[in-house]
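Single-letter residue listing:
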Amino acid sequence: MAGPGSNPMMSNPMITPSLGDLLLPAALAPRARWQGKKQVLSELSALMAKALELDPRLVHDAVLERERLGSTGVGEGVAIPHARIATLSRPVAGFARLLEPADFEAIDERPADLIFMLLAPTDSGADHLRALARAARVFRQERIRTALRQAQTSEAVLTILAPDSASDAA
């Protein structure tokens, strides 16, 4: 029987779960000049919709509907807006680093400059929650947040968030 320290994720805090299976390389904005939460949600929704060949309004409306339920600002300058889209077959994500942080009403009252948008199929209850939890674990790490704030290119973002697939994207 495995002991409590046998989980490699728990015993080595330097191992980061990859988000490579979620990230859409075409939906990365490492130096976004968007201002305010409204524009951030609109632009990142449009970027993801284009990458997924979906109607941008459909994605934006779903994200706004979820945002109305409560803030997706998780603190430390991070927001994880998310929504469910019926036509998706699996959870997917996009990322933006804002040059000017936006207020996502986080509990620590810090504006967000790291935005990880997650979209999942309507019927993917457990998968959606697992993806959200994995993203939260990644963004909780100060070294990841610091590296992302220094990233200038989509390739650099992929290297940080999806180290297992970054070489495939080059």
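Just so you know, the residues in each chain are numbered from 1, in the order the chain's sequence is written. Local features in a predicted model are, by the rule used here, given only for residues with pLDDT of at least 70; side-chain atom pairs are given and counted only at 80 or more, and totals for whole chains, interfaces and linings are based on all residues. The side-chain figures draw on all heavy atoms in the structure; neither hydrogens nor water molecules are used.

Another aspect to go through is the overall build of the protein chain. A run of H or I in DSSP becomes a helix once it reaches four residues, and a run of E becomes a strand once it reaches two; helices and strands are each numbered from the N terminus. When helices and strands are tallied, the protein chain shows seven helices and six strands. From first element to last, N terminus to C terminus, the protein chain shows the α and β order α-β-α-α-β-β-β-β-β-α-α-α-α. Exposed residues in this analysis have more than 50% of their type's maximum accessible area, buried residues have under 20%, and partly exposed residues fall in between, with area computed by a 1.4 Å probe over protein chains only. Here the protein chain holds 170 residues, and the buried ones make up 46% of them. Note on contacts: a residue pair is in contact if any heavy atoms of the two residues lie within 4.5 Å. Long-range pairs, those at least 24 residues apart, make up 70% of the contacts in the protein chain with a sequence separation of at least 6. Note on areas: these come from Shrake-Rupley sampling with a 1.4 Å probe, and a residue is covered only by the protein chains present in the view. By element, 54% of the accessible surface of the protein chain is carried by carbon and sulfur atoms, the whole surface being about 8,900 Å².

Another point: the packing of aromatic side chains. In this description, a pair of aromatic rings is defined by centroid distance and the angle of the planes. Stacked, edge-to-face and tilted labels apply to pairs of Phe, Tyr and Trp rings (six-membered ring for Trp) whose centres lie within 6.5 Å, assigned for plane angles under 30 degrees, over 60, and everything in between, in that order. According to the stated counting rule, one finds two aromatic pairs in the structure shown. Residues Phe 95 and Phe 139 carry aromatic rings whose centres are separated by 6.2 Å and whose planes lie at 20° to one another, so their mutual orientation is stacked. Taken together, the residues span a long stretch of sequence, with Phe 95 in strand β5 (residues 92–102) and Phe 139 in helix α4 (residues 125–139) at a distance of 44 residues. Judged by relative accessible area, Phe 95 falls into the buried class, the value being 0%. Here the aromatic rings of Phe 116 and Phe 139 are separated by 5.4 Å at their centres, their planes lie at 50°, and the arrangement is tilted.

Glancing now at helix α5 (residues 142–150). Of all the positions in α5, only Ile 144, Arg 145 and Leu 148 are classed as buried. The arc that holds the buried residues of α5, viewed along the axis, is 100°, so those residues lie on one side. Among the exposed residues of α5, those oriented more than 90 degrees off its buried face are Glu 142 and Gln 150. Looking at the buried side of α5, the elements it contacts are β3 (78–79), β5, β6 (112–121), α4 and α6 (154–161). Here the arc refers to the directions that run from the helix axis out to each C-beta atom.

With that settled, the discussion passes to the confidence of the model for the protein chain. Mean pLDDT over the protein chain works out to 88, with 87% of the residues at or above the 70 mark. In this model, residues 1–13 is a region of pLDDT below 50 whose contacts with residues beyond four sequence positions or in other chains number seven contacts. The predictor rates its confidence in each residue with pLDDT, a number between 0 and 100.

Time to look at the side chain of Arg 145. Secondary-structure assignment places Arg 145 in helix α5. Residue class for Arg 145 comes out buried when judged on its relative accessible area of 6%. If we ignore the near neighbours within four places in the chain, the residues touching Arg 145 are Glu 76, Val 78, Leu 114, Phe 139 and Arg 140.

Glancing now at unusual backbone geometry. Positive phi, close to 55°, is recorded for Glu 53, a residue that is not glycine. As for its position among the elements, Glu 53 is in the loop between α2 (36–52) and α3 (56–69). Of note, the phi angle at Glu 76 is positive, near 60°, even though the residue is not glycine. With respect to the helices and strands, the residue Glu 76 is situated in the loop between β2 (73–75) and β3. Glu 76 gets classed as partly exposed once you look at its relative accessible area, which sits at 39%.

Moving on, we get to the environment of Ala 131. Examined against the element boundaries, Ala 131 turns out to sit in helix α4. A relative accessible area of 3% places Ala 131 in the buried class. With 38 residues separating them in the primary sequence, Ala 131 and Ala 93 have C-alpha atoms 9.4 Å apart. Those residues in contact with Ala 131 that lie beyond four places of it in its chain are Leu 22, Pro 91 and Leu 118.

For salt bridges, the criterion is a side-chain nitrogen of Lys or Arg within 4 Å of an Asp or Glu carboxyl oxygen. According to the stated counting rule, one finds eight salt bridges in the structure shown. Of the charged contacts in the structure, one is a salt bridge between Arg 134 and Asp 21, with a shortest N-O distance of 2.7 Å. Taken together, the positions of Arg 134 in helix α4 and Asp 21 in the loop between α1 (8–11) and β1 (23–32) put the pair 113 residues apart, joining distant regions of the chain. Measuring nitrogen to oxygen at the nearest pair gives 2.7 Å for the salt bridge that ties Asp 127 to Arg 130.

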